[in-house]
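# Fold and contact review
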Amino acid sequence: MNILILSAGTRNKIIQYFKKEFKNIGRVLATDMSELAPAIYEADKYYIMPRIDDPTYIEKLIEVCKKEDINCLFSLIDPELSLIAKNREKFLAVGVTPLISNFDAVELAFDKYKMYQYLENNGYKTARSYIDKEEFYKVTKKVSTMQDNRIVIWLDYDEEENNFKSEQNNCGSLNNSK
């Protein structure tokens with residue numbers, strides 16, 4: 001099994017971990033747009049690729065996959081996720097499995113408020129999220145108390161300074177030192 005790690009950058013440890021796990025069962029290859037990306041030198045083999053916004057990028061990735069008998073690939077940078085998900089079928093057609101969610105799920109994850117709405121509508125517990133700053137300010141002006149560990153946090157928005165002010169009072173259950 002051969003895996004291709006895209007946009008490896010400075011993530012040396014990820015390449016090292018995969019090489020350790022793939023020892024005697026396959027190769028770990030990496031790509032990046034820069035020869036200065038240190039992680040590519042940890043891989044069994046690497047390719048310097050064009051930027052992800054280059055019109056030939058997917059075509060060149062597929063060429064690498066065919067040449068190196070790649071079984072699966074995944075990206076280490078967010079901007080590339082939608083591109084790989086959008087072209088999933090092209091990779092599958094040459095026997096490469098992109099390790100990524102479908103395009104709609106990737107796009108949903110990039111829109112934090114839509115993701116919040118999705119989670120809420122599907123019964124998942126999630127922190128409240130606001131798109132209306134006035135509604136957010138109303139909530140943050142209230143006193144928030146965490147009773148289990150007795151920490152009281154005051155959040156207040158200072159409109160003149162366009163900044164949040166906060167004060168934390170530790171009531172002693174977690175840490176009595178100041």
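Going by the structure above, here's the rest.
Description of the structure in this document.

Glancing now at the layout of surface pockets. In this approach the atoms are scanned with a rolling probe the size of a water molecule, which exposes any empty space left behind. One number sums up the size of the largest pocket: a volume of about 160 Å³. Together, 13 residues line the largest pocket, and S7, M33, R51, I52 and I77 are the ones closest to its centre. When its residues are assigned to classes, the lining of the largest pocket shows six nonpolar, three polar and four charged.

Quick look at a nonpolar patch on the surface now. A grouping of Y41, Y46 and I48 is seen on the molecular surface, where their side chains present a nonpolar patch of about 280 Å² in accessible area. Relative to the helices and strands, Y46 is located in strand β3 (residues 45-48).

Burial along strand β1 (residues 3-6) is two-sided: the face carrying I3 and I5 and the face carrying L4 and L6 are both buried. One ladder, built from three bridges, connects β1 with strand β2 (residues 28-32); its direction is parallel. Looking at the pairing, L4 lines up with L29 of β2. Chirality of the crossover, the property in question, places the unit of β1, helix α1 (residues 12-22) and β2 among those that are right-handed.

Moving on, we come to the packing of aromatic side chains. Given two aromatic rings, one states the distance between the centres and the angle between the planes to describe the pair. Scanning the model with the defined rule gives four aromatic pairs in all. Here F18 and F74 contribute two aromatic rings whose centre-to-centre distance is 5.3 Å and whose plane-to-plane angle is 40°, an arrangement assigned as tilted. Of the two residues, F18 is situated in helix α1 and F74 in strand β4 (residues 72-75); the sequence distance between them amounts to 56 residues. Taking relative accessible area as the criterion, F18 reaches 26% and is therefore assigned partly exposed. Judged by its relative accessible area of 12%, F74 falls in the buried class.

Analysis parameters
Residues numbered from 1 in each chain as written. Predicted model: local features only at pLDDT ≥ 70, side-chain atom pairs only at ≥ 80, totals over all residues. Heavy atoms only, no water. 1 Å grid on protein atoms, 1.4 Å probe; cavity = no way out; pocket = protein on both sides within 12 Å on 5 of 7 lines; lining within 4 Å. Points joined across faces, edges and corners; volume = space filled by probe spheres on them. Nonpolar A, V, L, I, M, F, W, Y, C, P; charged D, E, K, R; others polar. Patch = residues over 30% accessible without salt bridge, like charges linked within 9 Å, V, L, I, M, F, W, Y side chains within 5 Å. Areas by Shrake-Rupley, 256 points an atom, 1.4 Å probe, with all protein chains shown as cover. Salt bridge = Lys/Arg side-chain N within 4 Å of Asp/Glu carboxyl O. Helix = DSSP H or I, 4+ residues; strand = E, 2+ residues; numbered from the N terminus. Buried < 20%, exposed > 50% of the residue type's maximum accessible area, 1.4 Å probe, protein only. Pairing = 2+ DSSP bridges. Right-handed = clockwise from strand over helix to strand, strands pointing away. Phe/Tyr/Trp six-rings, centres within 6.5 Å; stacked < 30°, edge-to-face > 60°.

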